[in-house]
Amino acid sequence: MLHVVFFEPRIPGNTGAAIRLSANSGSMLHVVDPLFEMEDSKLRRAGLDYHDLANTVVHDSWEECLEQLPGRIFAFTAHTELLYTEVDYVDGDALLFGPEPTGLPDHIMHHERVTDLVRIPMVDGNRSLNLANSAAIGLYEAWRQLGFAGGH
C-alpha cells in the first residue's frame, strides 16, 4: 500500500479531495494535526460519499504519523532538482505534502526519516500547484510504477 501524508493541511476541500483519492487508489491517507474541523462541510462535500471507502487516519503529531509509515518518505517541494518521476517507488512508500500555502517546514523536509525531496515541474515563475492535485500527480505515478496493484 502507498501512503499519502498531508502535514497540517489548512484547506478542508483539499483534504476532502484526498479522501476521495485514497478511496479510488487504495492508498492510506495520513493527516497530521489538521487545523480545521474534520467534520467541516467543505471536507464532506469534496470527499462526497467516499469517507467510508477511504483509508484515512488523523495523527495528533508528526512523530505519531511516523510510527505508522513503514517505508521510505518522499517530501514534495519546489525547492529541489529531483523530479518525482525519477524515483523508483516501492510498496510502502509515503508521499509527504505540506500545508497550503507555505509548504513543508524545513524541520519536516529534512527530518532523518525523509528519504529524499522531490518536485513536480511547473512553468517558471509559478509558486505551487494545488495540494490535492499534487498528491494525485505523485500518487498516480507511484501507483503506475507498481502496475496499478489492486486496480482495474
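Small disclaimer: the values here were computed from a predicted structure and weren't measured. (Residues numbered from 1 in each chain as written. Predicted model: local features only at pLDDT ≥ 70, side-chain atom pairs only at ≥ 80, totals over all residues. Heavy atoms only, no water.)

Participant: For the packing of aromatic side chains, give the residues involved together with the corresponding values.
Facilitator: The final tally for this structure, using the stated rule, is seven aromatic pairs. Plain terms: the ring middles of F7 and W62 are 6.0 Å apart, the flat faces sit at 90° to each other, and that makes the pair edge-to-face. Linking F7 in strand 1 (residues 3-7) with W62 in helix 3 (residues 62-67), this pair joins segments that are 55 residues apart in sequence. For F7, a relative accessible area of 4% corresponds to the buried category. Using a relative accessible area of 6% as the deciding quantity, one classes W62 as buried. Site record: aromatic cluster; members linked through ring pairs are F6, F76, Y84 and F97. (Phe/Tyr/Trp six-rings, centres within 6.5 Å; stacked < 30°, edge-to-face > 60°. Helix = DSSP H or I, 4+ residues; strand = E, 2+ residues; numbered from the N terminus. Buried < 20%, exposed > 50% of the residue type's maximum accessible area, 1.4 Å probe, protein only.)

Participant: Summarise the pairing of strand 1; cite the residues concerned and give the values.
Facilitator: In terms of burial, strand 1 is a largely internal element, five of the five residues being buried. What you see with strand 1 is no split at all: H3, V5 and F7 on one side and V4 and F6 on the other are buried throughout. Of the strand pairs in this sheet, strand 1 and strand 2 (residues 28-32) are connected by five bridges, and their pairing is parallel. Looking across to strand 2, one finds that V4 is bridged to L29. Note that strand 1 and strand 5 (residues 94-97) share four bridges and pair parallel. Across the sheet, the residue bridging to V4 is L95, located in strand 5. (Pairing = 2+ DSSP bridges.)

Participant: Give me the UniProt feature "binding site: S-adenosyl-L-methionine" (unreviewed entry) in the protein: which residues, what numbers.
Facilitator: When the UniProt feature table is mapped onto this chain, "binding site: S-adenosyl-L-methionine" (unreviewed entry) is found at G98, I120 and S128. Spanning 31 residues, the named residues nonetheless gather at one spot, since no C-alpha pair among them exceeds 13.7 Å. Tracing the backbone through its elements, the reader meets G98 in the loop between strand 5 and helix 4 (106-109). Since its relative accessible area comes to 10%, G98 is described here as buried. With near-sequence residues (within four places) excluded, G98 lies in contact with F7, G103, L104 and L131. Tracing the backbone through its elements, the reader meets S128 in the loop between strand 6 (114-118) and helix 5 (131-145). Judged by relative accessible area, which is 46%, S128 ranks as partly exposed. (UniProt positions renumbered as here; feature names shortened; annotations may be inferred. Contact = heavy atoms within 4.5 Å.)

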